[in-house]
Amino acid sequence: MIFLLPICLKYSGKLLPVPWRPPYYLDRHFECMFTSHMQNKLFAAAIGCCDETGPYRYETTLYPVFLILKAYISVYPELSFMELVYQGNAVCQSF
């Protein structure tokens, strides 16, 4: 009898030379977890303030949004596949 162990996969874009996309079954699982949490208005609003830079990778220049999402992701381990990056105090000026 073979027992499958659940494995939480995390990746870092810095270590992979090409854009990584999870296999179909993992991508489907990640998508289901993500959409179920999008029903939460706090999570949906915070993700809406971020830029998507890759599959399940988000970056923001707003520190309060970064703190809210980091805390939210740490509470729900099923979202541990998400990567969140804070880009410092970027100020855009238009002339």
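Residues numbered from 1 in each chain as written. Predicted model: local features only at pLDDT ≥ 70, side-chain atom pairs only at ≥ 80, totals over all residues. Heavy atoms only, no water.

To continue, consider the overall build of the protein. Along the protein, the regular secondary structure elements total three helices and three strands. Reading the protein from its N terminus to its C terminus gives the helix and strand order α-α-β-β-α-β. Burial status across the protein gives 27% buried among its 95 residues. Summarising the internal contacts of the protein: among those between residues at least 6 apart in sequence, 58% fall at separations of at least 24. Summed over all atoms, the accessible surface of the protein reaches about 7,200 Å², with 63% contributed by carbon and sulfur. (Helix = DSSP H or I, 4+ residues; strand = E, 2+ residues; numbered from the N terminus. Buried < 20%, exposed > 50% of the residue type's maximum accessible area, 1.4 Å probe, protein only. Contact = heavy atoms within 4.5 Å. Areas by Shrake-Rupley, 256 points an atom, 1.4 Å probe, with all protein chains shown as cover.)

What follows concerns the sheet that holds strand β1 (residues 51-54). The mixed open sheet is built from three strands, whose spatial order is β1-β2-β3. In this open sheet, the two edge strands, each paired with only one partner strand, are β1 and β3 (83-86). Taken pair by pair, the neighbouring strands of this sheet meet at an average axis angle of 30 degrees, ignoring direction. Each of β2 (57-60) and β3 is contacted by helix α3 (residues 63-75), which is oriented at about 155 degrees to β3, the strand it contacts most. (Pairing = 2+ DSSP bridges. Axes fitted to C-alpha atoms, helices over the stretch in contact; angles between N-to-C directions.)

Turning to the confidence of the model for the protein, a few remarks are in order. Of the residues in the protein, 68% reach a pLDDT of 70 or more, and the chain-wide mean stands at 76. Low pLDDT, under 50, characterises residues 1-8; the stretch is placed with one contact to residues that sit more than four places away or in other chains. (pLDDT = per-residue confidence, 0-100.)

This part takes up the side chain of Ser80. Counting through the fold element by element, Ser80 comes out in the loop between α3 and β3. Here the side chain of Ser80 touches Pro77 through a polar contact of 3.1 Å, landing on its backbone oxygen. (Polar contact = N/O pair within 3.5 Å; in protein donor to acceptor, adjacent residues only side chain to side chain.)

A few words on helix α2 (residues 41-48). Turning to α2, its buried residues number three or more, namely Phe43, Ala46 and Ile47. The buried residues of α2 occupy an angular sector of 95 degrees when the element is viewed end-on, so they sit on one face. For α2, the exposed residues lying more than 90 degrees away from the buried face are Lys41 and Gly48. One side-chain oxygen of the residue at the start of α2 lies 2.9 Å from the amide nitrogen of Leu42, identifying that residue as Asn40. (Arc of directions from axis to C-beta.)

Here we come to the nonpolar core. With 18 residues, the main nonpolar core has Phe43, Ile47, Tyr58, Leu69, Leu79 and Met82 as its most contacted residues. Looking at this core, the elements that each hand over two or more residues are α1 (24-37), α2 and α3. When residues in this core are grouped by element, the largest group, five residues, is from α3. Those residues in contact with Leu79, other than ones at most four positions away along the chain, are Met33, His37, Phe43, Tyr72 and Ile73. (Core = buried A, V, L, I, M, F, W, Y, C linked by side-chain atoms within 4.5 Å.)

With that settled, the discussion passes to the pattern of salt bridges. Per the counting criterion, the structure on display carries two salt bridges. One salt bridge connects Arg28 with Glu31, and the closest N-O pair in it is separated by 3.7 Å. You can see Arg28 and its partner Glu31 sitting in helix α1, three residues apart, about one turn around the helix. Among the ionic pairs, Glu83 bridges to Arg57, the shortest N-O distance being 3.3 Å. With a gap of 26 residues between them, Glu83 in strand β3 and Arg57 in strand β2 connect regions that are remote in the sequence. (Salt bridge = Lys/Arg side-chain N within 4 Å of Asp/Glu carboxyl O.)

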